[in-house]
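# Observations on the model geometry
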There are 2 protein chains.
Amino acid sequence: MHRVLLTNDDGIHSAPFKALWKALIDKGFNVSAVVPEREMSAAGKGITLHKPLRIWRIPTKVGTYRIAHLVSGTPGDTVTVALRYLLEDKPEAVLSGINVGDNMTVDNIFTSGTIAAAIQAALMGFKSAAFSVEIPQSEEPRPADKFRSHALIAAEIAEWMLENGLPEGVDLLNVNFPFKISDDTPVRLTKLAKVKFENYVLERVDPRGKPYYWLGSNPIAVSEEMRGTDYYALTVEKAISITPIGLNFISPLEERRADRERIVEKMSDLISVISNLVVSLR
Amino acid sequence: MHRVLLTNDDGIHSAPFKALWKALIDKGFNVSAVVPEREMSAAGKGITLHKPLRIWRIPTKVGTYRIAHLVSGTPGDTVTVALRYLLEDKPEAVLSGINVGDNMTVDNIFTSGTIAAAIQAALMGFKSAAFSVEIPQSEEPRPADKFRSHALIAAEIAEWMLENGLPEGVDLLNVNFPFKISDDTPVRLTKLAKVKFENYVLERVDPRGKPYYWLGSNPIAVSEEMRGTDYYALTVEKAISITPIGLNFISPLEERRADRERIVEKMSDLISVISNLVVSLR
């Protein structure tokens, strides 16, 4: 029986998170769920240094009632507390998500709390994967049953990772799902686009006449040059995007232990497995 | 006259930040200083989405009095506000620091607010560099004049970057200084070590009998295998470490636009320039 730590940055009530929890249990996984107490979207991989953390045990309905732990910190803190304190037996992998909203591009690798949890786990030597689903603005509220297909696929990716390992030079997988998945949804092995949004600053005036500012962002248009990236896969191909991440390579002076061809070859097996699963969905 | 945006994650009162500001002015740079209102160490590259930001103009003594802008957000927010709202003329580069405390390793690339500001700038298309200085625990308080050498060297690195550009495939420089710099301090071109600390969780009990938890960390021993990394350079060689960062390469599927040899060759000029400057320090 596979043992995994499941976390996220949205907190315990997130519908796609609970769907993944359920799918992992249905696959026979032993799942420890440890999540931030509060929503921690866009928190990045911060660490809580200057204040102490609290931990709560919360019964949560996932089929039957099961215990989740809540940590009053960032997603990175949550992973550290789970792996260094709460879990007596080391899990085989750390899974983060499924996040409400996509997490693509280099920019988001540094900003997303969902990915931060997976990076924290990878830096501590664990296999890890981050899962996110694009949510159209029209799709609110979000009942858990909408995410059954996403959760099934995420659980299959986790199982593949546990049984096959990750190619040398790959530390984690970053997976993005389109909201609508059907039997003709493509599955793509991708690299990261650099940015998805252009930021702007919006000035307003408060009731006392003092200015304040909102950060806003406009999506950048997708171009044919972006083919092969996560952003292109989701936006143009309406595909499931699986992006291998190699943390060390951010140093361009790092030896290229991992050549692209070898990684593509090993990962192409995962792409086949998931493509077959998608075709069988109904 | 070179125009730069200067920021940090320690706020306006930081001694090594003010030393760098002064050194840039002395070199004839036109400096816009925009910093987070509060200390934002270990905040990572978070974005403030759910609350508005405020901006203040504060006269600050740097030789004569000069205006700094303070932003009530993260270091990444601060850079966005400066580049998209405050600065009418686009700066040629964004400089972050000098940070109080070193910022080394892949782990810290994701956690440091100082580096997050430089990454935000790089993602927005600006040349950038992050500067940090190791602070021994015995060295408190920290008068600004202790950082004159560090600031001179940082300003020289900034000038080199502006006049020579960064090699293709390098988005930013991450620079760490030892606290003590003398005319025999080596200068090293480095890659990132993976982690520097092993985290642990410390349990305490509050006056009401409820447990709470601190995150702590122990430094990992430096080994000969780490030669060539930033952590080895600072710890074993007591060197100034200059680490080129290539954000896209975190995708191992990314084409290797930048080969190591070409980057090393171009950067070796900077290493000579700074080595000569260090020898001339007294």
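Everything below is about the structure printed above this text.
### Quick notes on the sheet that holds strand S4 (residues 64-71) of chain A
Residue and element names in this part refer to chain A. The nine strands lie next to each other as S3-S4-S2-S1-S5-S6-S7-S11-S8, forming an open sheet whose pairing is mixed. With partners counted over all chains shown, the strands left at the sheet margins are strand S3 (55-62) and strand S8 (187-189), one partner each. On average, adjacent strands in this sheet sit at an angle of 25° to one another, irrespective of strand direction. Pairing between strand S1 (residues 3-7) and strand S2 (residues 30-36): four bridges, direction parallel. Bridge pairing in S2 places Val4 opposite Val31. Across the face of the sheet, helix H2 (residues 75-86) comes into contact with S1, S2, S3, S4 and strand S5 (93-100) while running at roughly 135° to S2. Contacts from helix H5 (residues 148-164) reach S1, S5, strand S6 (127-133), strand S7 (172-177) and strand S11 (240-245), with the element oriented near 160° to S5.

### Concerning the sheet that holds strand S7 (residues 172-177) of chain B
Residue and element names in this part refer to chain B. What the nine strands build is an open sheet, ordered S3-S4-S2-S1-S5-S6-S7-S11-S8; its pairing is mixed. The strands lining the two open edges of the sheet, one partner per strand, are strand S3 (55-62) and strand S8 (187-189). In this sheet, neighbouring strand axes are inclined to one another by 25° on average, regardless of whether the strands run parallel or antiparallel. Pairing geometry for strand S6 (residues 127-133) and S7, over six bridges, is parallel. Following the sheet pairing, Ala130 is matched in S7 by Asn174. This element, helix H2 (residues 75-86), spans strand S1 (3-7), strand S2 (30-36), S3, strand S4 (64-71) and strand S5 (93-100) of the sheet and lies at about 135° to S2. Against the sheet, helix H5 (residues 148-164) touches S1, S5, S6, S7 and strand S11 (240-245), its axis set at about 160° to S5.

### A few points about the relation of the copies chain A and chain B
For the pair chain A and chain B, the superposition axis carries a translation of 0.0 Å, the fit reaches an RMSD of 0.0 Å, and the rotation angle comes to 180°. Put plainly, the chains are arranged around a two-fold axis.

### Remarks on unusual backbone geometry
Residues and elements named next belong to chain A. Here the amide bond leading from Gly97 into Ile98 is cis, since omega sits at 5°, within 30 degrees of zero. If you trace the backbone, Ile98 turns up in strand S5. Phi angles above zero are rare outside glycine, and Thr105 is one such case at about 80°. Tracing the sequence through the fold places Thr105 in helix H3 (residues 105-111). One non-glycine residue, Lys238, adopts positive backbone phi at about 50°. Checked against the element boundaries, Lys238 lands in the loop between helix H6 (230-235) and S11. A relative accessible area of 53% places Lys238 in the exposed class.

### Regarding the interface of chain A and chain B
In this complex, chain A contributes 64 residues to the contact, which on the side of chain B involves 64 residues. Interface area, chain A with chain B, both sides summed: about 6,300 Å², of which 61% is carbon and sulfur. Taken together, the links from chain A to chain B amount to eight salt bridges. Between Asp171 of chain B and Lys194 of chain A there is a salt bridge; the shortest N-O distance is 2.9 Å. Run the count over chain A and chain B and you get 17 residue pairs in polar contact (both at pLDDT 80 or more). Where the side of chain A that touches chain B is concerned, the elements lending two or more residues are H2, H3, helix H4 (113-123), strand S9 (197-205), strand S10 (211-219), S11 and helix H7 (260-280) of chain A. Classifying every residue of the side of chain A that touches chain B gives 33 nonpolar, 13 polar and 18 charged.

### Some words on the pattern of salt bridges
If you walk through the whole model with that rule in mind, you get 20 salt bridges over all chains. Across the pair Glu254 of chain B and Lys191 of chain A runs a salt bridge whose closest N-O atoms are separated by 3.9 Å. Residue Glu254 of chain B is located in the loop between S11 and helix H7 (260-280), and its partner Lys191 of chain A is located in the loop between S8 and S9; the two belong to separate chains. Within the structure, one salt-bridge network assembled from shared partners comprises Lys27, Glu156 and Glu159 of chain A.

### A look at H4 of chain A
Residues and elements named next belong to chain A. Counting buried positions over the 11 residues of H4 gives 11, a clear majority of the element. Inspection of H4 places Gly113, Thr114, Ile115, Ala116, Ala117, Ala118, Ile119, Gln120, Ala121, Ala122 and Leu123 among the buried residues, and these make up the whole buried set. Capping the start of H4, Ser112 holds a side-chain oxygen 3.1 Å from the backbone nitrogen of Thr114, two or three residues further along. Just downstream of H4 lies Gly125, where phi reads positive at about 95°.

### As for the environment of Ser132 of chain A
Residues and elements named next belong to chain A. If you trace the backbone, Ser132 turns up in strand S6. Taking the relative accessible area as the measure of exposure, Ser132 reaches 0% and is therefore buried. The contacts of Ser132, once residues within four sequence positions are left out, are Ile98, Asn99, Gly101, Asp102, Asn103, Thr114, Val175, Asn176 and Phe177. Looking at Ser132, its side chain comes within polar contact range of the side chain of Asn103, at 2.9 Å.

### Looking at the side chain of Gln120 of chain A
Summarising the element assignment, Gln120 of chain A is placed in helix H4. A relative accessible area of 3% means that Gln120 of chain A is categorised as buried.

Definitions and limits used
- Residues numbered from 1 in each chain as written.
- Chains lettered and ligands numbered in written order.
- Predicted model: local features only at pLDDT ≥ 70, side-chain atom pairs only at ≥ 80, totals over all residues.
- Heavy atoms only, no water.
- Pairing = 2+ DSSP bridges.
- Helix = DSSP H or I, 4+ residues; strand = E, 2+ residues; numbered from the N terminus.
- Axes fitted to C-alpha atoms, helices over the stretch in contact; angles between N-to-C directions.
- Contact = heavy atoms within 4.5 Å.
- Least-squares fit on C-alpha atoms with pLDDT ≥ 70 in both.
- Buried < 20%, exposed > 50% of the residue type's maximum accessible area, 1.4 Å probe, protein only.
- Buried area = accessible area lost by both parts, 1.4 Å probe.
- Salt bridge = Lys/Arg side-chain N within 4 Å of Asp/Glu carboxyl O.
- Polar contact = N/O pair within 3.5 Å; in protein donor to acceptor, adjacent residues only side chain to side chain.
- Nonpolar A, V, L, I, M, F, W, Y, C, P; charged D, E, K, R; others polar.

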